[in-house]
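Architecture at a glance
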Amino acid sequence: MTNQHPVLKAENINKRYGNQEILKGVSFELNRGDIKCLIGPSGSGKSTLLHCINFLVQFDEGRIWFNGSEVNYARKHDLYAYRQKIGMIFQDFNLFDHLTALRNVQVGLVRVRKMPKKEARNRALVELERVGLKDHVMKYPAELSGGQKQRVSIARALAMDPEVMLLDEPTSALDPELIGEVHSVIQDLARGGMTMMLVTHEIGFAGSLAKEFLFMDEGVILEQGPPERILSNAECDRTREFCAKINQLHRGSG
Amino acid sequence: MEELLFIRQEVAPALLRGLWVSIQLIVPSAICGLILGIIAGVLRVYGGPLLRRIAGLYVLFFRGFPLLVQLYLWYFGLPRIGIYLSPFVAAFFGFTFCSGAYHSEYVRGALLSIKAGQQLAAQSLGFSKFKTIFSIILPQAVRRALPGCGNELIYLIKYSSLAYMVTCIELTGEGKILASSYFKYTEIFFIVGGVYLVLVSFATWILNSVEDRVSIPGFERPQEGKRK
């Protein structure tokens, strides 16, 4: 396939809002098939980092490479092409409220990829079936449950044939009964070899999925490593402190 | 009997003539005003600093000047710089620009009410800013703006009666002429008012069916328990 380059590489990402530094020189690499999970307290910059990767948030310093070539965000055409290759899943789904599930998935294919409507429709149906929503394709977002909405949004991203998926707390707006259906879709993606970067507080789920945990605090990646080591045997005090809380919760619930 | 004959022979032909002028004035002004309003509204929310300011100034002036003053400027003012508009065209411009300014406020409010997340989602799929606005945000905003814009259209029907002030003789103008030549103000203006009432009712009916037509789950028109 492509080459030995990482699919995605970010170097020294800095982001400030006013004089508050949100990201202080974050770097990471994602190789094909990697699944990495960002953990850390709220406000540590995890979400902002994901948004920066996609240039949805414009960072102040830093560079991003995709398949070995640097992303030149100033060239709109390159930026739009790059974004198609990076699927993004949001915490609150962000479905297009005026379109049915089917057309939510179809619209990007038609408007962005200029696919003929019929072909796009067929592709959308395939993607919706893949996430188990065959019977709900004609429903509007207002008629879907949270779990169904999130699955539509995953289908919508997948229809663009992304090479990397960024998932920003995909299940944190869902109740426990709906989390499972979204998790199983994400697990299917993992089995299919999708490269993913995931922000979540669902540590158990993330641990079964990710090869590596990245612990973020106050805008820096403090520590990274295999889930077991980060969770039970971290080097930094701050990581240990956070993970102790998580383990506590986890034991409490399990 | 005499009254009926008078109405049939004198009043009806004149008022129908005026009504026809009114309709010719209202329909294009309504359509162009709405388009202008959508453009101005979009520019005020998504335009760059310069376009935003231009659109803002447009709204400031055309909402700030009384409509009658605007009509006088179009008709009596423009000749000063060598532009001569016919009464009809002057009225058309006056109504279009005025209603556009009001529409833009409804559109702006509606645009701002659409969750910003959808914009992010569209961009993350590779939509350009332009495509995001036109295929994702506007279709929703227009649904939200419809009740307000409908109100403005109804209002336009009635302020079209100012056209006769710049000698564009429409319904009210014809009524005024009839009333003063026969000295029957009460009767004539009751009839004129009634005709506007019919126009407004008709427009309301059209607007309601448009709202129902574009209604989708999540964007319903609040109704008195009629919805399924």
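Residues numbered from 1 in each chain as written. Chains lettered and ligands numbered in written order. Predicted model: local features only at pLDDT ≥ 70, side-chain atom pairs only at ≥ 80, totals over all residues.

1. Details of the overall build of chain B
Selection criterion: Numbering goes from the N terminus for both helices and strands, where a helix is a DSSP run of H or I of at least four residues and a strand is a run of E of at least two. What counts as a contact is two residues whose backbone-derived C-beta atoms lie within 7 Å of each other.
Within chain B, the regular secondary structure consists of 8 helices and 0 strands. Helices (α) and strands (β) of chain B occur, in sequence order from the N terminus, as α-α-α-α-α-α-α-α. If one aligns the C-alpha atoms of chain B with their principal axes, the spans along those axes are about 75 × 55 × 20 Å. Considering only residue pairs separated by 6 or more positions, chain B has 74% of its internal contacts joining residues 24 or more positions apart.

2. Some points on the packing of helix H6 (residues 129–159) of chain B against helix H8 (residues 185–214) of chain B
All names here are of chain B. The following threshold applies: Axis definition: a line fit to C-alpha positions, over the contact stretch in the case of helices; interaxial angles, taken between N-to-C directions, run 0 to 180 degrees. Angular relationships are summarised with four words: roughly parallel below 35 degrees, roughly antiparallel beyond 145, roughly perpendicular across 65 to 115, and oblique for the angles in between. Each crossing gets its hand from how the near helix is turned against the far one by less than a right angle, where anticlockwise is left-handed and clockwise is right-handed.
Packing of H6 against H8 leaves a shortest axis separation of 10 Å and a crossing angle of 165°. Here H8 runs roughly antiparallel to H6, going by the angle between their axes. The way H6 lies across H8 gives a crossing that is right-handed. On H8, the residues that touch Arg143, Leu146, Gly150, Leu153, Ile154, Ile157 and Lys158 of H6 are Tyr196, Leu199, Val200, Ala203, Thr204, Leu207, Glu211 and Val214.

3. Re unusual backbone geometry
Residue and element names in this part refer to chain A. The condition is simple: Remark: C-beta atoms are placed from the backbone, and a residue is labelled buried if 20 or more other C-beta atoms sit within 10 Å of its own, exposed if 12 or fewer do, or partly exposed between those counts.
Non-glycine residue Phe55 carries a positive phi angle of around 60°. Relative to the helices and strands, Phe55 resides in the loop between helix H1 (46–53) and strand E4 (61–66). Even without being glycine, Lys114 reaches a positive phi, approximately 60°. Its location among the elements puts Lys114 in the loop between helix H3 (101–111) and helix H4 (117–130). A tally of 8 C-beta atoms within 10 Å means that Lys114 is categorised as exposed.

4. Details of the nonpolar core
For clarity, the threshold we go by: The term nonpolar core means buried Ala, Val, Leu, Ile, Met, Phe, Trp, Tyr and Cys residues held together as one set by C-beta atoms within 7 Å.
Core analysis: the biggest nonpolar cluster contains 126 residues, and Leu38, Leu128, Ala155, Leu166 and Leu198 of chain A together with Ala91 of chain B have the highest contact counts within it. No other element matches helix H4 (residues 87–113) of chain B, which puts 12 residues into this core. Core analysis: the second largest hydrophobic core is formed by 6 residues, Leu15, Leu171, Leu178 and Ile188 of chain B among them.

5. Description of the interface of chain A and chain B
To keep it simple, the criterion reads: Residue classes follow a fixed rule: Ala, Val, Leu, Ile, Met, Phe, Trp, Tyr, Cys and Pro count as nonpolar, while Asp, Glu, Lys and Arg count as charged, and any other residue, Gly among them, counts as polar.
With 23 residues of chain A at the interface, the matching set in chain B holds 20 residues. Among the secondary structure elements, those contributing two or more residues to the side of chain A that touches chain B are helix H2 (76–85) and H3 of chain A. Along the lines of polarity and charge, the residues of the side of chain A that touches chain B split into 12 nonpolar, 5 polar and 6 charged.

6. Notes on the confidence of the model for chain B
Heads up, the condition is: Residue-level confidence of the predictor, termed pLDDT, takes values from 0 up to 100.
Per-residue confidence for chain B gives a mean pLDDT of 92, with 96% of residues at or over 70. Predicted complex, confidence summary: ipTM 0.91, pTM 0.87.

7. Observations regarding the sheet that holds strand E6 (residues 86–89) of chain A
Residue and element names in this part refer to chain A. Basically, it comes down to this: When DSSP finds two or more bridges between two strands, those strands count as paired.
Read from one edge to the other, the open sheet built from 6 strands follows the order E6-E7-E8-E3-E9-E10, with strand pairing classed as mixed. In the strand order of this sheet, the two ends are held by E6 and strand E10 (220–225), each with one partner. In this sheet, neighbouring strand axes are inclined to one another by 20° on average, regardless of whether the strands run parallel or antiparallel.

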